[in-house]
Amino acid sequence: MHEAAKQLGVTPRTLRFYEEKGLISPYKAAENNYRSYSDGDLIRLRWIISLRELGMPLSAIQEALNVLHEPEAFIRKVDGARASLYEQWITATKSLQALDETIIAWQRSGEAILTQAESAAEEMKHNRILRASWSDRWNYDEMALSYGYNAPIVTLEGVLSEEQYHHTLLKTAEWLDPRGEELGLELGAGSGNLSVILASAGARLTVIEQSAEMLSILRERLPQVDAKQGNLLALPLAAQSYAFIGCSFAMHHLTESQQLLAMEEMDRVLLNGGRLVISGLMAEHDESQLDSSNPLSAYPANWMPLFAPALAHWLEGRGYSTISNRISPSTCLLYASKP
């Protein structure tokens with residue numbers, strides 16, 4: 001054990017810990033219980049040590065190593081762990097920001113006021129619960145396996161025609177107006193139907209998709225695109241990174257509160273002067289003006305229609321310029337330019 005630990009640059013205690021956690025099972029001599037590490041054991045330990053240093057928890061490392069012989073499945077597991085790490089990083093960053101603002105308020109008033117700390121803590125708790133509350137109730141992994149590229153269209157059957165769906169994607173790309181070599185981002189990319197249009201314009205595209213199976217289709221379809229697993233409530237991306245963001249037929253999977261949290265994430269990663277287009281099942285007027293004749297009134301109960309005025313109000317409150325555009329009776333587009 002000591003020889004293996006020295007070779008790997010760790011302590012014997014570390015090797016014992018990994019063994020106790022079930023990550024490694026070296027041969028033990030019956031007469032003295034001495035451990036003997038095979039070449040395979042040492043390679044596995046190198047993976048464990050490297051992934052641990054990269055921040056992955058032991059449970060995620062175990063899951064990834066179980067499929068090490070399947071490169072695509074292994075990368076999926078590591079990608080999923082990366083998304084979780086980013087969510088923790090975003091939460092920690094927001095907590096530090098809230099703490100900084102609270103301390104500044106105390107310094108200005110000359111006293112530490114408990115209610116200010118409680119207010120900041122309550123907001124952090126609310127957002128943390130919101131991020132944790134999202135789940136894929138529509139089973140997009142199964143949809144991807146069953147319908148492939150057409151999975152997003154199948155989910156809209158009875159609400160939107162295939163022609164209307166593709167027309168909305170074309171309009172989204174037209175308003176985004178991607179330019180060659182420009183860094184762009186697509187959120188809720190699904191099987192890549194909008195991604196194909198954006199990438200064909202020459203943009204250097206990053207896409208975010210929560211479904212591992214959808215992501216697998218997209219990566220096979222567009223190997224040149226940087227495809228990452230994640231969801232709209234905690235984007236696994238650095239701040240101020242992208243010249244444009246497109247999000248089509250994804251926001252209706254979020255509650256109203258989650259939609260606003262997703263908007264915060266979009267604002268965080270969009271460059272100053274960047275542009276944003278949200279499109280899909282969206283009304284141009286607020287909810288009070290919907291009646292039974294409007295297609296939005298007949299949506300499934302687990303969908304949340306978007307209301308352009310509410311999103312525009314949020315964006316304009318942060319200095320964005322906005323324009324809404326009706327595409328079909330069921331679909332609308334909201335364009336926003338960041339100051």
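This text follows the structure it describes.
Quantities reported herein were computed from a predicted structural model and do not represent experimental measurements.

Caption draft 1: Region of the structure containing the environment of Glu122. In this fold, Glu122 is placed in helix 6 (residues 114-133). The spacing of Glu122 and Ile217 is 95 residues in sequence and 40 Å in space, taken between C-alpha atoms.

Caption draft 2: Molecular detail of the pattern of salt bridges. Applying the stated criterion across every chain, the model contains 13 salt bridges. Across the salt bridge formed by Glu72 and Arg76, the nearest N and O atoms sit 3.4 Å from each other. With Glu72 and Arg76 both in helix 5 (residues 71-109) and 4 residues apart, this pair spans about one turn of that helix. Its relative accessible area of 46% is what places Glu72 among the partly exposed residues.

Caption draft 3: Here's a closer look at helix 12 (residues 256-269). The end-to-end C-alpha distance of helix 12, which contains 14 residues, comes to 21 Å, matching closely the 20 Å that a straight helix rising 1.5 Å per residue would cover. Along helix 12, the residues classified as buried are Gln258, Gln259, Leu261, Ala262, Met263, Glu265, Met266, Arg268 and Val269.

Caption draft 4: Quick look at the nonpolar core. Of all hydrophobic cores here, the largest spans 70 residues; its most connected members are Leu187, Met251, Met266 and Ile278. A per-element tally of this core places strand 7 (residues 270-283) first, with 6 residues. With residues up to four places along the chain from it excluded, the contact list for Leu187 reads Ile208, Leu232, Leu235, Ile245, Gly246, Cys247, Ser248, Ala250 and Met266. In this structure, Met1, Leu8, Leu23 and Met56 belong to the second largest nonpolar core, which totals 23 residues.

Caption draft 5: Main features of the side chain of Asp41. For Asp41, the location among the structural elements is in helix 3 (residues 39-53). One buried charge, Asp41, has no salt-bridge partner; the nearest side chain with opposite charge is Arg44, at 6.6 Å.

Caption draft 6: The arrangement of a nonpolar patch on the surface in detail. Residues Leu96, Leu99 and Ile103 make up a contiguous nonpolar surface patch of about 260 Å² in total accessible area. You can see Ile103 is positioned in helix 5. Under the relative-accessibility criterion, Ile103 is labelled partly exposed at 33%.

Caption draft 7: Seen up close, the pairing of strand 9 (residues 321-326). Sheet topology places strand 9 next to strand 10 (residues 331-337); 6 bridges connect them, and they run antiparallel. Within strand 10, the residue paired with Arg326 across the bridge is Cys332. Following strand 9, the chain reverses through 4 residues before pairing antiparallel with strand 10.

Caption draft 8: Summary view of the packing of helix 3 against helix 4 (residues 58-65). Remark: helix 3 packs on helix 4, axes separated minimally by 10 Å, with the N-to-C direction vectors making an angle of 140°. One finds that helix 3 runs oblique with respect to helix 4. At the point where helix 3 passes helix 4, the crossing takes the right-handed sense. For the pair helix 3 and helix 4, contact is made by Arg44, Trp47, Ile48, Leu51 and Arg52 and by Leu58, Ile61, Gln62 and Leu65, respectively. Residue composition of the contact of helix 3 with helix 4, by class: 6 nonpolar, 1 polar and 2 charged.

The rules behind the values
- Residues numbered from 1 in each chain as written.
- Predicted model: local features only at pLDDT ≥ 70, side-chain atom pairs only at ≥ 80, totals over all residues.
- Heavy atoms only, no water.
- Helix = DSSP H or I, 4+ residues; strand = E, 2+ residues; numbered from the N terminus.
- Salt bridge = Lys/Arg side-chain N within 4 Å of Asp/Glu carboxyl O.
- Buried < 20%, exposed > 50% of the residue type's maximum accessible area, 1.4 Å probe, protein only.
- Expected span 1.5 Å × (residues − 1).
- Core = buried A, V, L, I, M, F, W, Y, C linked by side-chain atoms within 4.5 Å.
- Contact = heavy atoms within 4.5 Å.
- Lys, Arg positive; Asp, Glu negative; His and termini not counted.
- Patch = residues over 30% accessible without salt bridge, like charges linked within 9 Å, V, L, I, M, F, W, Y side chains within 5 Å.
- Areas by Shrake-Rupley, 256 points an atom, 1.4 Å probe, with all protein chains shown as cover.
- Pairing = 2+ DSSP bridges.
- Axes fitted to C-alpha atoms, helices over the stretch in contact; angles between N-to-C directions.
- Parallel < 35°, antiparallel > 145°, perpendicular 65-115°, else oblique.
- Left-handed = near helix turned anticlockwise from the far one by under 90°.
- Nonpolar A, V, L, I, M, F, W, Y, C, P; charged D, E, K, R; others polar.

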